[in-house]
Amino acid sequence: MKINSISIEYFRGLQHIHIPQLDEHVNLFVGINGAGKSSMLDAISLVFSWYIARILSIKGRGRDIPKDDISQHSPNGCIIELGMGDEHSWKLYRSLKYHKTDKSDLSAMNQTVAALRAELDDNENGSLPIIAHYGVNRTIPNTYPRLPRSKYAFSQLDAYKNALTGGQLFSDFFNWFRFSEDYENEQYKNNASYRDHGLETIRRCMNLIMPEYSDIKVSRRPLALTMKKGNEIFKINQLSDGEKCYIALVCDIARRLAIANPCGDPLKGEGVVLIDEIDLHLHPKWQQSIVSRLVETFPNCQFFITTHSPIVASDVNGKVFGIKNGEIIQQRTFGKLSSNILSSVFEMPAARNLRVQSLIDSGYDAIDKMDEPMYSQKLGELVKILGADDTAITGLRIEKSRRDKIAGK
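Just so you know, these numbers come straight off a predicted model, no measurement behind them. Here the residue numbers are simple positions, counted from 1 along each chain's written sequence. Thresholds applied to this predicted model are a pLDDT of at least 70 for local features of residues and 80 or more for the giving and counting of side-chain atom pairs; totals over whole chains, interfaces and linings are not thresholded and use all residues. Computation of side-chain values covers all heavy atoms of the structure but excludes hydrogens and water.

1. With respect to the pairing of strand 13 (residues 327-331)
Move 1: Note that strand 12 (residues 319-324) and strand 13 share 5 bridges and pair antiparallel. Bridging from a neighbouring strand, Lys 324 pairs with Glu 327 of strand 13.
Move 2: For two strands to count as paired, DSSP must find a minimum of two bridges between them. Secondary structure elements follow DSSP: runs of H or I no shorter than four residues count as helices, runs of E no shorter than two count as strands, and numbering proceeds from the N terminus. Linking strand 12 back to strand 13 in an antiparallel pair, the connection comprises 2 residues, with Asn 325 at a positive phi of about 55°.

2. Observations concerning the nonpolar core
Move 1: Ranked by size, the top nonpolar core spans 107 residues in total, and within it Phe 48, Tyr 51, Trp 90, Leu 225, Phe 298 and Phe 303 carry the most contacts.
Move 2: The leading source of residues in this core is helix 5 (residues 241-260), at 12 residues.
Move 3: Counting residues in hydrophobic clusters, the runner-up holds 11 residues, among them Ala 366, Ile 367, Ile 393 and Leu 396. Here, nonpolar core refers to any group of buried Ala, Val, Leu, Ile, Met, Phe, Trp, Tyr and Cys residues whose side-chain atoms link them within 4.5 Å. Type-normalised accessible area, obtained with a 1.4 Å probe on protein chains alone, sets the label of each residue: buried when under 20%, exposed when over 50%, and partly exposed for intermediate values.

3. Considering the layout of surface pockets
Move 1: Quantified by volume, the second largest pocket comes out at close to 310 Å³.
Move 2: As for the second largest pocket, its lining consists of 18 residues, of which Met 1, Lys 2, Thr 112, Pro 129 and Glu 270 are closest to the centre.
Move 3: The leading source of residues in the lining of the second largest pocket is helix 2 (residues 107-122), at 4 residues.
Move 4: Per-class residue counts for the lining of the second largest pocket are 8 nonpolar, 7 polar and 3 charged. Grid points spaced at 1 Å and placed over the protein atoms alone form the basis of the search, with a cavity being a set where a 1.4 Å probe fits but cannot get out and a pocket an open set showing protein on both sides within 12 Å along at least five of seven lines. Lining residues have an atom within 4 Å of a point. Grid points are joined across faces, edges and corners, and a volume is the space filled by probe spheres set on the points. Three classes are used, and their members are as follows: Ala, Val, Leu, Ile, Met, Phe, Trp, Tyr, Cys and Pro are nonpolar, Asp, Glu, Lys and Arg are charged, and the others, Gly among them, are polar.

4. Some points on the sheet that holds strand 8 (residues 224-229)
Move 1: The 3 strands lie next to each other as 7-8-9, forming an open sheet whose pairing is antiparallel. Looking at the sheet topology across the chains shown, the edges are occupied by strand 7 (213-219) and strand 9 (232-235). Pairs of neighbouring strands in the sheet enclose a mean axial angle of 25°, with direction left out of account.
Move 2: Strand direction decides the pairing type here: strand 8 and strand 9, joined by 4 bridges, are antiparallel. Counted as the bridge partner of Lys 229 is Glu 232 from strand 9.
Move 3: Its contacts with the sheet place helix 3 (residues 170-188) against strand 7 and strand 8, and it is angled at close to 85° to strand 7. Lines fitted to C-alpha atoms define the axes, with helix axes restricted to the stretch in contact, and inter-axis angles between N-to-C directions lie between 0 and 180 degrees. Whether two residues touch is decided by their heavy atoms; if any such pair falls within 4.5 Å, the residues are in contact.

5. Considering the environment of Arg 332
Move 1: Inspection of the secondary structure assignment puts Arg 332 in the loop between strand 13 and helix 9 (338-344).
Move 2: A relative accessible area of 70% means that Arg 332 is categorised as exposed.
Move 3: Distance in space between the C-alpha atoms of Arg 332 and Gly 318 is 8.9 Å, their sequence separation being 14 residues.

6. Concerning the sheet that holds strand 13
Move 1: Spatially, 6 strands are ordered 6-10-11-3-12-13 in an open sheet, and the strand pairing comes out mixed. A strand with exactly one partner marks an edge of an open sheet, and here the two such strands are strand 6 (130-134) and strand 13. Ignoring strand direction, the axes of neighbouring strands in this sheet form an average angle of 15°.
Move 2: Where strand 3 (residues 26-30) meets strand 12, 4 bridges bridge the pair, whose relative direction is parallel. Note that in strand 12 the partner of Val 30 across the bridge is Gly 322.
Move 3: Against the sheet, helix 5 touches strand 6, strand 10 (271-275) and strand 11 (301-306), its axis set at about 160° to strand 6.

Structural data, given as structure tokens:
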């Protein structure tokens, strides 16, 4: 399952958005706060809420577009339309007033759902595409959930449980992992080579994305999710917020794929994954490779991501869309220097601290005006702050020397 195109009319601050061709692997949205990055993900999530509702129940209802989310500039209502494969589209509409010519059209979605439900009826080992939306409230609590009293049987449709709530649902992952581990240990008594299909998916995923962490398991006394980092064992709540968010994110994607794909390789399963502010709490070193690692680990998933990080943008070998004043501007960021991305994509006038940049600008201004005392003062201040070997200092000195030669000094 892939989204080929997206059109949005009058959803929040996005008045006329049309992206005719999306990347099959990763699509990144960047822009200042309030530009509409999260709104892009929320719009996609609204349409997919109908897909999930109808695959769970033929007459299921997804979420309507909230009236408060219809732009005040709209003459009639709001449209969100996703272009899917085979030139079909899934269209969600919400009117301010009733108009016969404007309505939702989910007939193509219904056909897709019917085909998937028929496949599951004919083949209990069939596969499903996952859908997941991870918002900015991706936190892991310090307490662990209680196990349900009744014995729980997982079904493939559990891959969609709480999929679009936007949170990092650690409790769902923890309960699933604990049940799976209990079952694996039970089977191990009679078959020492037995490995649980889902747990093996998590282990392989961790090895691919975070090879420095291993041996993830549940400790019973005291109750905790533990893993090795190097040779030391840590409880997950002992790790940094960045580590916890990263681990919980990739493990939850792998869990959903394992549930949706009971046979074959779950990491090769299909799906659409929405991640808001993927750089949340992450050290720059991890930001440098998180997108490429996700794409390599889940090659058949399509990612829609937002970020404020030029380091993340440099790692996106897909499509990057800048959002400004409600309009989409396609950008090229893969492999570029973060400083260049800051100026060209994030529209930062300077990559340096504003006070330092002001001193640098004043230094060049003093050179232009041939104001020796001002130049010496600004250069001295910069040397104290940056050190004599900084490139800005070198640049000022070279420019001063060049101007002196021209002036015959």
